[in-house]
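Read off the chains here:
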Amino acid sequence: GNSVTQMEGPVTLSEEAFLTINCTYTATGYPSLFWYVQYPGEGLQLLLKATKADDKGSNKGFEATYRKETTSFHLEKGSVQVSDSAVYFCALSAASGTYKYIFGTGTRLKVLA
Amino acid sequence: DAGVTQSPTHLIKTRGQQVTLRCSPKSGHDTVSWYQQALGQGPQFIFQYYEEEERQRGNFPDRFSGHQFPNYSSELNVNALLLGDSALYLCASSSPLAGGPRSGGELFFGEGSRLTVL
């Protein structure tokens, strides 16, 4: 079945450090891929998405590229800020056969000033 | 424009009791999905409602049931509560105009209802 695997946290970085959170997936066909972010005490909000191979999603300085050959969708940011501290979820939406989104277990990021 | 709203935000129940959680989707959205997020885990799909019917169900027992009303709002009911039902319950809505699942459309989440079962 479809699944998402993301690196375990927590990840602790100093402000202005480079961030990478790894995400790999298993799915048939060409799913859509997402990164959602959850700030403390809040629901999830979409950070970025990519709907086909080689697409790059980007938002607020974050980027992720849909790599079909490695079944990956790693999240990167060149210079993190304290305000980026949150839990990040990788997710997929299959191209057919189901309406559900499948989420990874989440990676907690803590950025220190 | 109000986003997805959920109520109540927090509640405490005891084992064996029943609970009803409510959700109003974002304006213009007609599809509502419910997810359970246990502590330290990612959201797990419970079910999705569209046109007042359950369109798809995840791996949850029949104790979990739902309803969608003509105005697209939705309820999640859980009967015979167990300690393991303690979680954050998230409602998400989507719009057919934006695609929705299967076409890369975005899910819009509410802030959730945190249920504690004692």
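The shown structure was predicted, so the numbers you read here are calculated from the model rather than taken from an experiment.

Trainee: What is the right way to look at the pairing of strand 7 (residues 56-59) of chain A in this model?
Mentor: One face of the sheet, then the other: side chains in a regular strand alternate in exactly this way. All names here are of chain A. Note: strand 7 against strand 8 (residues 62-65), 4 bridges, orientation antiparallel. For S58, the partnering residue across the bridge sits in strand 8 and is E63. Where strand 7 hands over to strand 8, the hairpin turn is made up of 2 residues, of which K60 adopts a positive phi near 55 degrees.

Trainee: Would you mind going over the interface of chain A and chain B with me for this structure?
Mentor: Quite often, the size of an interface is put as the accessible area lost when its parts meet. Each side of the interface is counted separately: chain A has 24 residues, and chain B has 23 residues. Roughly 1,900 Å² is buried in total at the junction of chain A and chain B, and carbon and sulfur atoms are behind 52% of that figure. Between chain A and chain B we count 4 residue pairs in polar contact (both at pLDDT 80 or more) in total. For the side of chain A that touches chain B, the secondary structure elements donating two or more residues are strand 5 (32-38), strand 6 (44-50), strand 10 (86-93) and strand 11 (101-103) of chain A. Among the elements that make up the side of chain A that touches chain B, the one with the highest residue count is strand 5 of chain A (4 residues). When the residues that make up the side of chain A that touches chain B are grouped by side-chain class, the tally is 10 nonpolar, 11 polar and 3 charged.

Trainee: Help me out: how do you make sense of the sheet that holds strand 7 (residues 64-68) of chain B in this one?
Mentor: Strand pairing within a sheet occurs via backbone hydrogen bonds; the two strands may be parallel or antiparallel. All names here are of chain B. Pairing within the open sheet is antiparallel, and its 4 strands lie in the order 1-3-8-7. Unpaired on one side and paired on the other, strand 1 (5-7) and strand 7 mark the two borders of the sheet. Averaged over all neighbouring strand pairs, the angle between strand axes comes to 15 degrees, with direction disregarded. Here strand 3 (residues 19-24) runs beside strand 8 (residues 74-78); their pairing, made up of 5 bridges, is antiparallel. What sits directly across from L21, in strand 8, is L76.

Conventions used here
- Residues numbered from 1 in each chain as written.
- Chains lettered and ligands numbered in written order.
- Predicted model: local features only at pLDDT ≥ 70, side-chain atom pairs only at ≥ 80, totals over all residues.
- Heavy atoms only, no water.
- Pairing = 2+ DSSP bridges.
- Helix = DSSP H or I, 4+ residues; strand = E, 2+ residues; numbered from the N terminus.
- Contact = heavy atoms within 4.5 Å.
- Buried area = accessible area lost by both parts, 1.4 Å probe.
- Polar contact = N/O pair within 3.5 Å; in protein donor to acceptor, adjacent residues only side chain to side chain.
- Nonpolar A, V, L, I, M, F, W, Y, C, P; charged D, E, K, R; others polar.
- Axes fitted to C-alpha atoms, helices over the stretch in contact; angles between N-to-C directions.

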